[in-house]
Amino acid sequence: MKKLYGNTTGLKADQTRRLENLYRRRIPNEFAISPDLARDLAHISHEIRRQVGILVNRSGKITHVIAGDTQKIVIPDTPEYRTVPGRLKGLRCLHTHLKDEPLTGDDLTDLSLLRLDLMGAITLTPDGGFHQLHIGHILPKGTPEAPWQLLPPLSSGQLDMGCHALIRALESELAQIRALYAGAGDQERAILVSVTTGPRHMARDSLDELRDLADSGGIHVVDTVLQQRKKADPRLVMGRGKLQELALMALQRGVTLIIFDQELNPSQIRSLTDQTDLKILDRTQLILDIFAQRARTREGKLQVEMAQLKYLLPRLVIKNTAMSRLTGGIGGRGPGETKLEINRRRARERINRLEKDLSQVIRHRQRQKSRRSRKGLPIISIVGYTNAGKSTLLNTLTQSKVMAEDRLFATLDPTSRRLRFPRETEVIITDTVGFIRDLPRDLVVAFRATLEELNSADLLLHVIDISNPRFEEQIESVSRILSDLDLEQVRVIRVLNKQDRLDPEQVAILARKLDGIPISANRRATLIPLIEKMEAEIENRPPTA
Ligand SMILES: Nc1nc2c(ncn2[C@@H]2O[C@H](COP(=O)(O)OP(=O)(O)OP(=O)(O)O)[C@@H](O)[C@H]2O)c(=O)[nH]1
Ligand SMILES: [Mg+2]
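Residues numbered from 1 in each chain as written. Chains lettered and ligands numbered in written order. Predicted model: local features only at pLDDT ≥ 70, side-chain atom pairs only at ≥ 80, totals over all residues. Heavy atoms only, no water.

*Asks:* Provide a residue-level description of the packing of helix H8 (residues 283-294) against helix H9 (residues 298-312), including the pertinent values.
*Replies:* Axis separation between H8 and H9 bottoms out at 9 Å; the angle between their running directions is 155 degrees. In terms of orientation, H8 lies roughly antiparallel with respect to H9. The hand of the H8/H9 crossing is left-handed. Contacts between H8 and H9 involve Thr-284, Gln-285, Leu-288, Asp-289, Phe-291 and Ala-292 from the former and Val-304, Ala-307, Gln-308, Tyr-311 and Leu-312 from the latter. Counted by class, the contact of H8 with H9 contains seven nonpolar, three polar and one charged residues. (Axes fitted to C-alpha atoms, helices over the stretch in contact; angles between N-to-C directions. Helix = DSSP H or I, 4+ residues; strand = E, 2+ residues; numbered from the N terminus. Parallel < 35°, antiparallel > 145°, perpendicular 65-115°, else oblique. Left-handed = near helix turned anticlockwise from the far one by under 90°. Contact = heavy atoms within 4.5 Å. Nonpolar A, V, L, I, M, F, W, Y, C, P; charged D, E, K, R; others polar.)

*Asks:* Residues and numbers for the packing of helix H1 (residues 13-21) against helix H2 (residues 35-48), please.
*Replies:* Relative orientation of the contacting elements H1 and H2 amounts to 155 degrees, with a least axis distance of 11 Å. When the axis of H1 is compared with that of H2, the two are roughly antiparallel. As H1 packs across H2, the resulting crossing turns out to be left-handed. In this structure, H1 uses Gln-15, Arg-18 and Leu-19 to contact H2, whose residues at the interface are Ile-44, Glu-47 and Ile-48.

*Asks:* Requested: an account of the site of ligand 1, with residues and values cited.
*Replies:* Ligand 1 sits among 23 residues. The nearest are Gly-389, Lys-390, Thr-392, Ala-410 and Thr-411. Gly-389 places a main-chain nitrogen or oxygen 2.9 Å from an oxygen atom of ligand 1. Within the contact set of ligand 1, an oxygen atom lies 2.5 Å away from a side-chain nitrogen or oxygen of Thr-392. Burial of ligand 1 by the protein amounts to 90% of the accessible area it has alone, namely 650 Å². The biggest single contributor to the shell around ligand 1 is helix H12 (residues 390-398), with three residues. Among the residues forming the shell around ligand 1, the class breakdown is six nonpolar, 10 polar and seven charged. (Near = heavy atom within 4 Å. Polar contact = N/O pair within 3.5 Å; in protein donor to acceptor, adjacent residues only side chain to side chain. Areas by Shrake-Rupley, 256 points an atom, 1.4 Å probe, with all protein chains shown as cover.)

*Asks:* Describe the side chain of Thr-276, listing the residues and the values that go with them.
*Replies:* Position of Thr-276 relative to the elements: it lies in helix H7 (residues 266-276). Using a relative accessible area of 4% as the deciding quantity, one classes Thr-276 as buried. Side-chain polar atoms of Thr-276 contact the backbone oxygen of Leu-272, separated by 2.8 Å. (Buried < 20%, exposed > 50% of the residue type's maximum accessible area, 1.4 Å probe, protein only.)

*Asks:* Explain the pattern of salt bridges residue by residue, including any values.
*Replies:* Applying the stated criterion across every chain yields a total of 30 salt bridges. Between Glu-209 and Arg-283 there is a salt bridge, and its shortest N-O distance comes to 2.6 Å. Of this pair, Glu-209 sits in helix H5 (residues 200-216) while Arg-283 sits in helix H8; the two residues are 74 residues apart in sequence, bridging distant segments of the chain. Of the two residues, Glu-209 and Arg-283, both sit in the buried class. (Salt bridge = Lys/Arg side-chain N within 4 Å of Asp/Glu carboxyl O.)

*Asks:* Requested: an account of helix H4 (residues 163-182), with residues and values cited.
*Replies:* Taking 1.5 Å per residue, 20 residues should reach 28 Å; H4 reaches 28 Å between its end C-alpha atoms and fits that length. Taken as a whole, H4 has its buried residues at Cys-163, His-164, Leu-166, Ile-167, Leu-170, Glu-171, Leu-174 and Ile-177. Each buried residue of H4 sits inside an arc of 160 degrees when the element is viewed along its axis, so together they form one side. Across H4 from its buried face, at more than 90 degrees, point the exposed residues Arg-168, Ala-179 and Leu-180. On its buried side, H4 packs onto strand E4 (91-97), strand E6 (130-138) and helix H6 (240-252). (Expected span 1.5 Å × (residues − 1). Arc of directions from axis to C-beta.)

Below, the structure is given as structure tokens:
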């Protein structure tokens, strides 16, 4: 006999048996529930003074019998019924309400979060008979204001309401929505979410940046949601009601992915995936994923995979059902894609392996470098926030063709070029990976070797995109990361890039205020003052020991 779910303590043996016997019943296709079954549920519910619920699959079989309390039932996890995103669950819930009360807010939240086929509430007459059945379903093409359809209450003679035909019609409307969005290529569709306890404008700025990140990751952003709360919910981050709105919006707009602007802990990721059946990523995972797409060199790939595994490891304790979605990343592209179905032990082994490989690659590179530095050429490193124009500057300075693009993290692997100054001094100039606010710690650790090379630089060019409205925060983020890397002692020239996008007066004010040299990295003629300053700095540098 299949087991009972929910609040079963204190039931008499005979009551338990009658509840268990419900598993033998079957509901014909046209019926939401058969009249005799509705009557029996009402009776027993009245007798035990608890709500009683059943989950019914599309063949009319009862898959779960649940006992609740006077106010509610708790629908158990049904991992074996996890649906493909964009479809209904294939289960409907029918449950009793002891009082004559239609579907509650909680019922509708369950309906949308679990994407049930239907939600039904059976109300009782005062003597425990069946009164009416209230049915609600998701409206596939609904709006945030009218996301559900509530049918007029059904009496005993009206229960053959064409249940299957209704569910089929809902599924075919959902299929139309999926088809509509499938046309948009295999781009993943996402909603970006920020739950903040701080000021709204800061969360807004950060969300804007998350959108840039998502764009750079090849994700189509369907909408953004910002929720201000006194305190983040420890389990679901946001309130359950807000989460339900989100789940519905996802269904109605063909969304398969939710990206949170804040770092989520393992149990939050698990609860969110369990509650919504959607793929959940946080900001860190998104950045790691972009890095994974971008890494080109062997060293870069090893570093990214290591960072991904280190981030995932504590998140691998969770049960298997949420695993594939959790570790899937955005389409699972890039170096780490073999990691997907990995378990903890294998993950640790892989990390050890990666560490060995990496140290070998790094040793090799250091040998090359020492060969180069034997020539005693000074090194100038270009640093700065992602998308500031670092690669463009390197290209224009050295007439080379490092990839420069209007996307975040275009460059991952450091490139070095020689540069000869007008007065014949020769230097090595290197381009580096861009920085970002809250650069994931695992990434900093993984890229430590690359970034530590900055230590041997004689001069840093800090490129700042002064046309970006957030440039001041960006300067601060970069300074913070430089000091984390113990680079404060290296001399820095501030380079104010993209001056062509601002008024000349504004540029002049900023140049004074920030003590920087304005340039347009893509216009060679604007670089002369910078080149002169670089040359002077290099010639005046203290002799190396
Ligand atoms: N208008 C204008 N655009 C610029 C200038 N310099 C760079 N850009 C553009 O800014 C975008 C980013 O340039 P990149 O050189 O790729 O920036 P980056 O700092 O190397 O970026 P990451 O490698 O992603 O960290 C590109 O679309 C460039 O064409 C400039 O002086 N003026
Ligand atoms: Mg670059």
